[in-house]
Amino acid sequence: MSTKHGYYGGFGGRFVPETLMAALYELDSEYLRLKDDANFKSELNSYLSEYAGRETPLTFCKNMSEYCGCKVYLKREDLVHGGAHKLNNTLGQAILARAMGKKRLIAETGAGQHGVATAIAGAVLGLPVEVFMGEEDCERQKLNVFRMELMGAKVHPVSSGTKTLKDATNEALREWSKTVDYTHYLIGSVVGPHPFPEIVRDFQCVIGTETKEQCIKKEGRLPSALVACVGGGSNAIGMFYPMLNDDVRMIGVEAGGKSLAPGENGATLNTGSPGVLHGALSYLIQNEDGQVKETHSVSAGLDYPGVGPEHSMLHDMKRVEYAYAMDDEVLDAFSFLSRTEGIIPALESSHAISYVLKNRDEFEKDDIVVICLSGRGDKDVAQVSKMYGRDF
Amino acid sequence: MAELSGKDRLSAAFKKPGFVAYTVAGDPSVSESVLISKALIDGGCDVLELGVPFSDPVADGSVIQAADKRALDAGITTDGVFGVVKEIRKYSGVPIVFLVYLNIVFRRGFDRFYDEAKEAGVDGILIVDMPPEEAETALLASERTGIAQIFLVTQTTSDERLDMIVKMASGFIYLVSSLGVTGKRDDVSKEAFSLLKCVKAKTKIPVAVGFGVSEKRHAEEIIKEGADGVIVGSAIVSVIEKNLGNCEKICSELKNYVKSMKDAIISKN
Ligand SMILES: Cc1ncc(COP(=O)(O)O)c(C=O)c1O
C-alpha cells in the first residue's frame, strides 16, 4: 500500500535538514544490503537468543481470562533482557551501525528504557553510547539514568523546550548533524525520517512473528485480537505487522493522560492532526499554527506528541483501531495484573491491559486476546509508590 | 513595467557581494523585532532573513532556539509573522526571505502560505527541513507566486544531489559552512570553500555562506573565496539575548555591526 519510496500511504518521508540527507541514503542502502545477509541475520539471531533471551513466552493468564470472559495471553516482552521490547531494535541497529563502520551510538530516550537498551547493545557490541534525555524524565526515571551510566553510557540531560522525549529527540538530531560522519543515531521507535520507521519495524517484528507461531501451536488458530500500547508505536507495529494480512482484530492503545484536552494526553491519533515532526509526516499533537504542543502521560514512554507514520496510515485505512486509556485506569490495570497474575507491567504496557479490562464485554468466551506486555514495571515502582503515598 | 518577482529581486540583491542579516520574527516581541529589523536595514544589510519561530527547531543551536522560544512565549503566531513583514515593508523595500520549518507551512497549506507571504512582501522562502526530494508542492507554489525557493547545500551533499538542488533553487543558494546546527564557530572550514567552488562551477545562482559566521575576517575570507553573500544569524541574535529589555542598545549595536560587516564585504569586492 506504500506509494512513494519511504512513504506509508500519504505518511512518512524524509523531512530533515540537508546535512542529514546523505546519512539517510547511506542507512537506506546499507540496510537493504545487510537485512537479508546471512551473516548479519545469524549474528542478530544469536544475540537475540543467547543474550536477549528470545523467544519470549506467550503466557496464558488464567485469572485474567476468568475475569474478562475470554482467553487472555500476554506476549512477554517484559522478559527480554533490559526489561522491555526495546532491545530487539537496539541490538539490530547496533550490529547494523558496526557493519556500516560507525564508531559511536547516540539515542534519545523518554522513560529511559530505550536509553538502557542502547547502553546494553553498545556495551556488548563495543560501541560507545551517548543518550539524550529530558531533564524532567531524568528526574522521573533516576534509576534508569544510573543503569545507563553503570553500563558505560553518557547521559545528557536536555533542558530545552518541554524537557521530555520530544526535546531529547530534537537534541539527538542536532548532535547527529554535528557528528554524522562517524555516529549512528539509534532511534528508539518507528518514528523519524525514512528508513528508520521501516528498520525499527523490521527489528520489532520478531514479537508478532513469534506470537503467530506460538498461538497456532497452543490454540491451533490465530489470535482473535491483538492489543498493544502506542507511544511512537514500535511494540505495536512489531506485534501487528506479521498479521496485518490475516483476519485478526488489532487495537493500539494511546495515552489518554488526564483528559483529552490539549496538553493533557499523548493520544496522537485520537486528538492530533497530520504534521511534520522529527523527520516524518504523521499525526501530531499541535496547535493551529503547527507549533507542537506539550503532552502528558503517567508513563514517560508514551509522553510524546508524534506517532509512527505507518500507524497514521493504518489509522486512516481503519485497519487498526486506536483507543486510549486514562492515567487512573492505567494505574488500576497496573495493580490488577500485579495482583492477579503476579506480573508487574510497565505503565506503558498497562495501557493495553487497561483496554482489555475495560472492554472485556467486547470479547467472546473463545476469543483469543493477545496483549503485548512491552515491558516490566520495575522501573515504575518508585513513581507509583509515591502516588500511593509511600516514598522509598 | 511588470512587477519584479521575489526571485528577480533577490538575484539583483547579489549583483555585488551582499550581507544577509538574520533575526527571528517576534523576538523578543513583535514590536521590538520590527525595530531590530529596521536597524539591520539601516546598517545596510542587502537581504533580511526572518526566522519563523518553531517549537522544535532541530537545525538550530541554543542561541536561535532561545530566540524562537522568546518569540513564541511573547505570543507570535503565523499571522503575526506576516504582520512583522508588512510593518517592515512600510519602511523598506529590502528583499526579505523566510527561514521556516516545514510544519508551519504544511499546517497553513503551501498555497495559502505562499500567497500570504507574497502579499506581505516576502521574496524568498527556505524550508529548513525540506530536502529537494520532498519539494514538489513547494516548488509549484514558488513557481506560481514568483517567491524564490531557497535550498541548503552542505559538505555532505553528494554531487548528484547538488545537481538536483541547483536545478530547483532560485534566488540564492544557502551554503552551510560546517556540519551541525546554527551557532558561532571560530573559523570557516576549508571544506566550505571547496564546496563553494563546486557550487559556483555548476550554477549562476548567487551563493551565500552561513552557519557559524560572525566576524569581519570570516566575511572577508568568504567573499575573497568567491561567494556572493555572507549570512549571519546567531551572532545577531546573541546581541538581542545579551541586551533584553534595552531595545535601543540592541538596535544601535546591530546597526554598527551590520555596517562593519558590510564594509568588510565591500573591501574584498
Ligand atoms: C515498556 C515500554 N512500552 C512501550 C513504550 C512505547 O514505545 P513504542 O510505542 O515505540 O513501543 C516504551 C517507551 O519507552 C516502553 O518503555
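Here the structure is a predicted model, which is why all the values come from computation and not from measurement.

Novice: Just checking my understanding: could you explain the overall build of chain A for this structure?
Specialist: Secondary structure assignment for chain A yields 16 helices and 14 strands. Relative to its length of 392 residues, chain A is compact, with a C-alpha radius of gyration of 19 Å against a globular reference of 21 Å. Along the first, second and third principal axes, the C-alpha set of chain A runs to 55 × 45 × 40 Å. When contacts within chain A are restricted to residue pairs at least 6 apart in sequence, those whose partners lie at least 24 apart make up 73%. Surface exposure of chain A reaches about 13,700 Å², of which carbon and sulfur atoms provide 50%.

Novice: I'm lost on the overall build of chain B in this one. Help?
Specialist: Across its full length, chain B holds 12 helices and 8 strands. In terms of overall size, chain B behaves like a compact globule, its C-alpha atoms giving a radius of gyration of 17 Å where 269 residues would be expected to give roughly 18 Å. Projected onto its principal axes, the C-alpha coordinates of chain B cover approximately 45 × 40 × 40 Å. Counting every position in chain B, which comprises 269 residues, the buried fraction comes to 64%. Considering only contacts within chain B whose residues lie at least 6 apart along the sequence, 73% involve residues at least 24 apart. Counting 33 positive and 38 negative side-chain charges, chain B places the centres of these two groups 5 Å from one another.

Novice: Looking at this model, I keep getting lost on the site of the ligand. Mind explaining?
Specialist: Residues and elements named next belong to chain A. Inspection of the region around the ligand gives 18 residues, with S189, G231, G233, S234 and S374 positioned closest. Residue K86 places a side-chain N or O atom 3.2 Å away from an oxygen atom belonging to the ligand. Contact distances for the ligand include 2.8 Å between an oxygen atom and a side-chain N or O atom of N235. Here the ligand, which alone exposes 390 Å², has 97% of that area covered by the protein. Here the residues of the shell around the ligand are counted per class, giving 5 nonpolar, 11 polar and 2 charged.

Novice: What's the story with the nonpolar core in this structure? I'm lost.
Specialist: With 194 residues, the main nonpolar core has W176 of chain A together with F19, F98, Y114, I125, I127 and Y174 of chain B as its most contacted residues. Broken down by element, the residue count for this core peaks at 8 residues, all from helix α12 (residues 247–267) of chain B. Non-local contacts of W176 of chain A, meaning those with residues more than four positions away in its chain, are made with L20, A23, L24, I106, T183, H184, Y185 and F196 of chain A. If you look at the next biggest cluster of nonpolar residues, it comprises 31 residues, including C70, V227, I353 and Y355 of chain A.

Novice: I'm lost on the environment of Q286 of chain A in this one. Help?
Specialist: Examined against the element boundaries, Q286 of chain A turns out to sit in the loop between β12 (280–284) and α13 (309–317). Note on Q286 of chain A: relative accessible area 12%, which makes it buried. Distance in space between the C-alpha atoms of Q286 of chain A and T268 of chain A is 9.4 Å, their sequence separation being 18 residues. Polar side-chain contacts of Q286 of chain A include one of 3.0 Å to the side chain of S273 of chain A. Looking at Q286 of chain A, its side chain comes within polar contact range of the side chain of N103 of chain B, at 2.9 Å.

Novice: Just checking my understanding: could you explain the interface of chain A and chain B for this structure?
Specialist: Accessible area lost upon the coming together of the parts serves often as the stated size of an interface. Contacts between the two partners involve 37 residues from chain A, matched on the other side by 35 residues from chain B. Summing the contributions of chain A and of chain B, the shared interface buries around 2,900 Å²; its carbon and sulfur component is 51%. It is E18, R174 and D289 of chain A in chain A that bury the most area against chain B; as a group they hold 25% of the surface buried on that side. If you look at where chain A meets chain B, you find 4 salt bridges. Across the chain A-chain B interface, the total number found is 21 residue pairs in polar contact (both at pLDDT 80 or more). Breaking the side of chain A that touches chain B down by element, the ones donating at least two residues are α1 (18–35), α8 (165–179), β11 (273–277) and β12 of chain A. Here the side of chain A that touches chain B gets 8 residues from one element, more than from any other, and that element is α8 of chain A. Here the side of chain A that touches chain B is built from residues that sort into 15 nonpolar, 11 polar and 11 charged.

Novice: I keep staring at the pattern of salt bridges and nothing clicks. Help me out?
Specialist: Oppositely charged side chains are able to pair whenever their charged atoms sit close together. Tallied over the full model, the rule gives 51 salt bridges over all chains. Within this structure, D289 of chain A together with D79, R108, R112 and E116 of chain B form a network of salt bridges that share partners.

Novice: So what exactly am I meant to see when it comes to the pairing of strand β4 (residues 71–76) of chain A here?
Specialist: A regular strand carries its side chains on alternate faces of the sheet. All names here are of chain A. With 5 of its 6 residues buried, β4 lies for the most part within the structure. Inspection of the sheet shows strand β3 (residues 58–60) paired to β4 by 3 bridges, in the antiparallel sense. Bridged to L58 within β4 is K75. Summarising the sheet, β4 and strand β14 (residues 368–373) pair through 6 bridges and their orientation is parallel. Following the sheet pairing, L74 is matched in β14 by I371.

Novice: What's the story with helix α6 (residues 110–120) of chain B in this structure? I'm lost.
Specialist: Residues and elements named next belong to chain B. Of the residues making up α6, those classed as buried are F110, F113, Y114, A117 and A120. Summarising the axial view, the buried residues of α6 lie within an arc of 130 degrees, below the 170-degree limit, and thus occupy one face. Residues of α6 that are buried in the fold lie against α4 (78–91), β3 (96–100), α5 (102–108), β4 (124–127), α7 (136–145) and β5 (148–153). Positive phi shows up at G121, right after α6, with a value of about 115 degrees.

Novice: Which parts of the structure should I look at to understand the confidence of the model for chain B?
Specialist: Where the model shows low pLDDT, its predicted coordinates should not be examined in detail. On average, residues of chain B score 96 in pLDDT, and 99% of them reach the 70 mark or higher. With a pTM of 0.97, the predicted complex shows an ipTM of 0.95.

Novice: Can you walk me through unusual backbone geometry in this structure?
Specialist: Among all residues except glycine, the phi angle is most often negative; among peptide bonds, the trans geometry is most common. Cis geometry is found at the peptide bond from R54 of chain A to E55 of chain A, where omega equals 0 degrees. By secondary structure assignment, the location of E55 of chain A is in the loop between α2 (38–51) and β3. In this structure, H278 of chain A takes a positive phi of about 50 degrees despite not being glycine. Positionally, H278 of chain A belongs in the loop between β11 and β12. For F211 of chain B, which is not glycine, the phi torsion reads 85 degrees and is therefore positive. Within the secondary structure, F211 of chain B is located in the loop between β7 (207–210) and α10 (216–224).

Novice: Would you take a moment to explain the sheet that holds strand β9 (residues 225–229) of chain A for this structure?
Specialist: Pairing between sheet strands relies on hydrogen bonds along the backbone, with the strands arranged either parallel or antiparallel. Residue and element names in this part refer to chain A. The 6 strands lie next to each other as β3-β4-β14-β9-β10-β13, forming an open sheet whose pairing is mixed. Edge positions in the sheet fall to β3 and β13 (321–326), since each of these pairs with one other strand and no more. Mean inter-strand twist for the sheet, computed between neighbouring axes without regard to direction, equals 30 degrees. When β9 meets β14, the two strands line up parallel, connected through 3 bridges. When the bridges of β14 are listed, A225 appears paired with V369.

Novice: Would you take a moment to explain the packing of helix α2 (residues 30–43) of chain B against α12 of chain B for this structure?
Specialist: Each pair of packed helices can be summarised by the angle the axes make with each other and by the distance between the axes. Residue and element names in this part refer to chain B. It is the contact of α2 with α12, at a shortest axis distance of 7 Å, that shows an interaxial angle of 25 degrees. Between α2 and α12, the angle is such that the two are roughly parallel. Once α2 is placed against α12, the crossing between them reads as right-handed. Of α12, the residues touching α2 (which contributes E32, L35, I36, A39, L40, D42 and G43) are C247, I250, C251, L254, K255, V258 and K259.

Parameters at a glance
- Here the residue index of a chain counts from 1 through its sequence in written order.
- Note on labels: chains are lettered from A, ligands numbered from 1, in written order.
- Reporting in this predicted model follows two pLDDT cut-offs: at least 70 for local features of residues, and 80 or more for side-chain atom pairs to be given and counted; totals over whole chains, interfaces and linings ignore these cut-offs and use all residues.
- In computing side-chain values, all of the structure's heavy atoms are included and hydrogens and water are not.
- Going along the chain from the N terminus, every DSSP run of H or I of four or more residues is numbered as a helix, and every run of E of two or more is numbered as a strand.
- Radius of gyration here uses only the C-alpha atoms, and the compact-globule reference equals 2.2 Å multiplied by the residue count raised to the power 0.38.
- The contact definition used throughout considers only heavy atoms, calling two residues in contact when any of these lie within 4.5 Å.
- Computed by Shrake-Rupley with a 1.4 Å probe, the accessible areas treat only the displayed protein chains as cover when residues are assessed.
- Throughout this description, buried means an accessible area under 20% of the type-specific maximum (1.4 Å probe, protein chains only), exposed means over 50%, and partly exposed covers the range between.
- Positive residues here are Lys and Arg, negative ones are Asp and Glu, while His and the chain termini are left out of the count.
- Here the site of a charge means atom NZ of a Lys, CZ of an Arg, CG of an Asp or CD of a Glu.
- We define proximity as follows: a residue is near a molecule or strand when any one of its heavy atoms falls within 4 Å of that partner.
- Pairing of N or O atoms within 3.5 Å defines a polar contact, subject to two protein rules: one partner must be a possible hydrogen donor and the other a possible acceptor, and residues neighboring in sequence count only if both atoms are side-chain atoms.
- Each residue is assigned to one class: nonpolar for Ala, Val, Leu, Ile, Met, Phe, Trp, Tyr, Cys and Pro, charged for Asp, Glu, Lys and Arg, and polar for all the others, Gly among them.
- Buried Ala, Val, Leu, Ile, Met, Phe, Trp, Tyr and Cys residues form a nonpolar core when they are joined through side-chain atoms within 4.5 Å.
- Using a 1.4 Å probe, buried area is obtained as the accessible area two parts lose upon being combined, added over both of them.
- Salt bridges are counted wherever a side-chain nitrogen of Lys or Arg sits within 4 Å of a carboxyl oxygen of Asp or Glu.
- Here the rule is simple: two strands pair whenever DSSP picks up at least two bridges between them.
- The arc under discussion is defined with respect to the helix axis, by the directions toward the C-beta atoms.
- pLDDT runs from 0 to 100 and stands for how confident the predictor is about each residue.
- Helix axes are fitted to C-alpha atoms over the stretch in contact, other axes to C-alpha atoms as well, and angles between N-to-C directions run from 0 to 180 degrees.
- Throughout, the term roughly parallel applies to angles under 35 degrees, roughly antiparallel to angles over 145, roughly perpendicular to angles from 65 to 115, and oblique to all others.
- Here a crossing is taken to be left-handed if its near helix is turned anticlockwise relative to the far helix by less than a right angle, and right-handed if that turn runs clockwise.

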